[in-house]
Amino acid sequence: MDECLRHYGRSSESETCAQCRRSSVPITRCRECFQPPELCRSCQIEAHVHQPFHWVDVWSGDYFARDSLQNLGLILNVGHCGAACPAAVPYPTIPLVVVHINGVHKMSISFCRCDDGAKRYVQLLRERLFPASYEHPQTAFTFAVLADFHLHTLCSKKSAYDYYAKIVRQTSDVVPSSTSDRYREFLRACRIWMDLEATRRSGQAHGLQRLLPAFAAARICSPLCPACPQLGINVTVNEHLVTLYLGGDGNFSLSSKKKAVDGNDTPLNNGAGFFPEQEHFQNYITTHEDFKLVDYRQPQTCSGFKTSMLFQGSLGCRLSGVYSWSCIRHGLYRPGGTVDLQVGERYVFSNVDYAFAGAISG
């Protein structure tokens, strides 16, 4: 306990900066750096030109109080590797809210104003800052926080709401409401970030689809099984030597409830992933199925058990689950082989047929 309490006090009684050796009060100390020395304000800013999102402690005379580097006077210069742009010296700085892994930071940013300088949102992207808007960005998310949240959603199934609540607590655990609310912008940025990552990893950014057969190029966002036979990629049609084994099953715990949908919301990779193009799929199901025969007012039961997946109508569900095809030898899902189900645990033949047709496309 003594060693833990030691970190809340000063490491020495010296009133001089550990770097410039000049007398300077109060002494500051970084919370994020390893083995941080106690520095004066100017030296602390100079030491964090390339680490602007660290939290610092400022000695008040009796204790260390947490503060931001912006309050110490740090200016976030972009476009010149941390140095101030010579053409931007007469211009005032612009406030920018930056969301990082360790909290929400209010920064003062100075953009590059050279004649050949890029647009502001491009300058932010080049500094690994993802802007929330294009014209006049006032909020940005570090690449690190977007990648960290993406990993959390895959490993721990953490929602964006819970993850952002953690960031808010890291900013101000005493008064969380004082933190700038950027949850809506965080949702939008994360969605575009994940789509860009899928585009990069699938090879679209390098034009890989031009080298693939038509069926693989159309759904390049979803990878094909490298071990299964794929016509035109790893096998030919000259003779029959290998067989593709597929299996299908439904998951009725992936229900989707009816909720307000933004009319301007559009899919980023409609039909390029595991799900088919939605408008064509909905038109096909509407043509081949008559869902009016199902009475949503009465719960549908199976052996007398009224589970939530069986009477989704009264619960206000839009979809009751998904049906998907995969290669049964290796367990990889087939591109275009996953569709939505609309009526409880009923295996709608049209849905299954449509999914199977997408799974063997090409």
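Okay, so let's go over this structure. Here the structure is a predicted model, which means the values were calculated and not measured.

### A short note on the packing of aromatic side chains
- For the structure shown, the criterion picks out 15 aromatic pairs.
- Arranged with centres 5.0 Å apart and planes meeting at 55°, the rings of Phe-143 and Trp-193 form a pair that is tilted. Here Trp-193 lies in helix H7 (residues 183–202) and Phe-143 lies in helix H5 (residues 143–155), a separation of 50 residues in the sequence. Both residues of the pair, Phe-143 and Trp-193, belong to the buried class.

### Here's the deal with the state of the cysteines
- Using the criterion set out here, one finds zero disulfides in the structure.
- Cysteine Cys-114 remains unbridged, with the sulfur of Cys-112 as its closest cysteine sulfur at 3.6 Å.
- For Cys-114, a relative accessible area of 24% gives the class partly exposed.

### Brief notes about the nonpolar core
- Ranked by internal contacts, the top residues of the largest apolar core, which has 19 residues, are Phe-141, Leu-146 and Phe-186.
- Those elements that provide at least two residues to this core are strand E5 (94–100), H5, helix H6 (160–171) and H7.
- Here the element with the most residues in this core is H6; it accounts for five residues.
- Setting aside anything within four residues of it in sequence, one finds Phe-186 in contact with Phe-141, Leu-146, Phe-149, Ala-160, Tyr-163 and Tyr-164.
- Membership of the second largest hydrophobic core comes to 18 residues, among which are Val-56, Val-78, Leu-124 and Ala-140.

### Here we look at H6
- Taking 1.5 Å per residue as the helical rise, H6 with its twelve residues ought to reach 16 Å, and the 17 Å between its terminal C-alpha atoms agrees with that figure.
- Those residues of H6 that fall on the buried side of the exposure criterion are Ala-160, Tyr-163, Tyr-164, Ile-167, Val-168 and Thr-171. Taken end-on, H6 shows its buried residues confined to a sector of 145°, consistent with a single buried face.

### Here we look at the pattern of salt bridges
- Under the counting rule described, the total for this entry stands at eight salt bridges.
- Between Arg-10 and Glu-38 there is a salt bridge, and its shortest N-O distance comes to 3.9 Å. Of this pair, Arg-10 sits in the loop between helix H1 (2–6) and strand E1 (28–30) while Glu-38 sits in the loop between E1 and helix H2 (41–47), and the two are 28 residues apart along the sequence. Accessibility assignment for this pair places Arg-10 and Glu-38 in one class, buried.
- With its nearest N and O atoms 2.9 Å apart, the salt bridge here joins Arg-200 to Glu-197. Taken together, the residues Arg-200 and Glu-197, both in helix H7 and three residues apart, mark about one turn of the helix.
- Ionic contacts of the salt-bridge type, sharing partners, join the residues Glu-197, Arg-200 and Arg-201 into one network.

### Considerations on the packing of H6 against H7
- Remark: H6 packs on H7, axes separated minimally by 11 Å, with the N-to-C direction vectors making an angle of 125°. The pairing of H6 with H7 is recorded here as oblique in orientation. Regarding H6 and H7, the two cross each other, and that crossing is right-handed. When H6 is examined against H7, the residues Ala-160, Tyr-161, Tyr-163 and Tyr-164 are found in contact with a partner set consisting of Tyr-183, Phe-186 and Leu-187.
- Residues belonging to the contact of H6 with H7 are distributed by class as follows: seven nonpolar, no polar and no charged.

Rules used in this analysis
- Each chain has its residues counted from 1, running along the sequence as written.
- With the structure being a predicted model, the display of local features is reserved for residues of pLDDT at least 70 and the display and counting of side-chain atom pairs for 80 or more, all residues being used for whole-chain, interface and lining totals.
- The basis for the side-chain values is all heavy atoms of the structure; hydrogens and waters are excluded.
- Stacked, tilted and edge-to-face pairs are distinguished by plane angle, under 30 degrees for stacked and over 60 for edge-to-face with tilted covering the rest, among Phe, Tyr and Trp rings (Trp via its six-membered ring) whose centres lie within 6.5 Å.
- Secondary structure elements are defined from DSSP: runs of H or I of at least 4 residues count as helices, runs of E of at least 2 residues count as strands, and each element is numbered from the N terminus.
- Residue burial is assigned from relative accessible area. The probe radius is 1.4 Å, only protein chains are included, and a residue is buried under 20% of its type maximum, exposed over 50%, and partly exposed in between.
- Disulfides are defined as pairs of cysteine sulfur atoms found within 2.5 Å of each other.
- Remark: nonpolar core denotes a set of buried residues (Ala, Val, Leu, Ile, Met, Phe, Trp, Tyr, Cys) joined through side-chain atoms within 4.5 Å.
- The contact criterion used throughout is that any non-hydrogen atoms of two residues lie within 4.5 Å.
- Expected helix span is computed as 1.5 Å times (number of residues minus one).
- Regarding the arc, it is the one traced by the directions from the helix axis to the C-beta atoms.
- Think of a salt bridge as a Lys or Arg side-chain nitrogen and an Asp or Glu carboxyl oxygen that are within 4 Å of each other.
- Fitted lines through C-alpha atoms give the axes, limited to the stretch in contact for helices. The angle between two N-to-C directions lies from 0 to 180 degrees.
- For this classification, under 35 degrees means roughly parallel, over 145 means roughly antiparallel, 65 to 115 means roughly perpendicular, and everything else is oblique.
- It is the rotation of the near helix from the far one that decides the hand of a crossing: anticlockwise by less than a right angle makes it left-handed, clockwise makes it right-handed.
- We call Asp, Glu, Lys and Arg charged. Ala, Val, Leu, Ile, Met, Phe, Trp, Tyr, Cys and Pro are nonpolar, and the rest, Gly among them, are polar.

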